[in-house]
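Analysis of the macromolecular model
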Amino acid sequence: MSTALTGLSNGFRGFARYLGGVMGADAYAKYLEHHRLAGHREPPLSEREFWRDRTDRQDSNPQGRCC
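In this convention, every chain numbers its residues from 1, walking through the sequence in written order. Totals for whole chains, interfaces and linings use all residues, but because this is a predicted model, local features are given only for residues with pLDDT of at least 70 and pairs of side-chain atoms are given and counted only at 80 or more. Excluding hydrogens and water, the side-chain figures rest on all heavy atoms present in the structure.

**Things to note about the overall build of the protein chain**
For clarity, the cut-off: Helix and strand assignments follow DSSP, with helices taken as H or I runs no shorter than four residues and strands as E runs no shorter than two, numbered in order from the N terminus. Exposure classes here rest on a 1.4 Å probe applied to the protein chains alone. A residue is buried below 20% of its type maximum, exposed above 50%, and partly exposed in between.
Helix and strand content of the protein chain: 3 helices and 0 strands. Each helix (α) and strand (β) of the protein chain, taken in turn from the N terminus, gives the series α-α-α. For the protein chain, the proportion of its 67 residues judged to be buried stands at 10%.

Pasting the structure below:
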């Protein structure tokens, strides 16, 4: 029974990660990783600045999205 619950729990976590990726919840983490790998000299945006910039760009350049 414990193995079944562990498997179910792991499956749920995997699905939650997938859904978060589809919805863009991991966008800031991806931005930080890209910023680090690209070797930018300026510090990365704060999370608040990142989401504000992303929202502003989406509003000024609407692309195919549901809402």
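Right, picking up where we left off after that structure.
**Quick notes on the packing of aromatic side chains**
Defined as follows: Centres within 6.5 Å make a pair out of two Phe, Tyr or Trp rings, where for Trp the six-membered ring is used; the pair is then stacked when the planes are under 30 degrees apart, edge-to-face when over 60, and tilted otherwise.
According to the stated counting rule, one finds 4 aromatic pairs in the structure shown. Three or more aromatic residues joined by ring pairs form one cluster here, namely Tyr-28, Tyr-31, Phe-50 and Trp-51.

**Looking at the confidence of the model for the protein chain**
For any part of a model where pLDDT is low, the fine detail of the predicted coordinates should not be relied upon. Quick reminder of the rule: On a scale of 0 to 100, pLDDT captures the predictor's confidence in every residue.
The predicted model of the protein chain averages 83 in pLDDT, with 82% of residues at 70 or higher. Within the protein chain, the lowest mean pLDDT, 74, falls on helix α1 (residues 2-23), and the highest, 94, falls on helix α2 (residues 27-38).

**Re the side chain of His-35**
Note the threshold: Any two residues whose heavy atoms approach within 4.5 Å are treated as being in contact.
Looking at where His-35 falls in the secondary structure, it is placed in helix α2. Not counting chain neighbours up to four residues away, the residues in contact with His-35 comprise His-40, Glu-42, Pro-43 and Pro-44.

**Quick notes on the pattern of salt bridges**
Defined as follows: Should a side-chain nitrogen of Lys or Arg be within 4 Å of a carboxyl oxygen of Asp or Glu, the pair is scored as a salt bridge.
All chains considered together, the criterion is met by 4 salt bridges. Between Glu-33 and Arg-36 there is a salt bridge, and its shortest N-O distance comes to 2.6 Å. Of this pair, Glu-33 and Arg-36 are both found in helix α2, 3 residues apart, which corresponds to roughly one turn of the helix. We note a salt bridge from Arg-57 to Asp-53, for which the minimum N-O separation is 2.4 Å. Here Arg-57 pairs with Asp-53, and both are found in helix α3 (residues 47-60), just 4 residues apart, close to one helical turn.

**Some remarks on the environment of Pro-44**
Along the chain, Pro-44 turns up in the loop between α2 and α3. We classify Pro-44 as partly exposed; its relative accessible area is 39%. Spatially, the C-alpha atom of Pro-44 lies 8.5 Å from that of Tyr-31, the residues being 13 residues apart in sequence. Discounting residues that sit within four places of it in the chain, Pro-44 has contacts with Tyr-31, Leu-32 and His-35.

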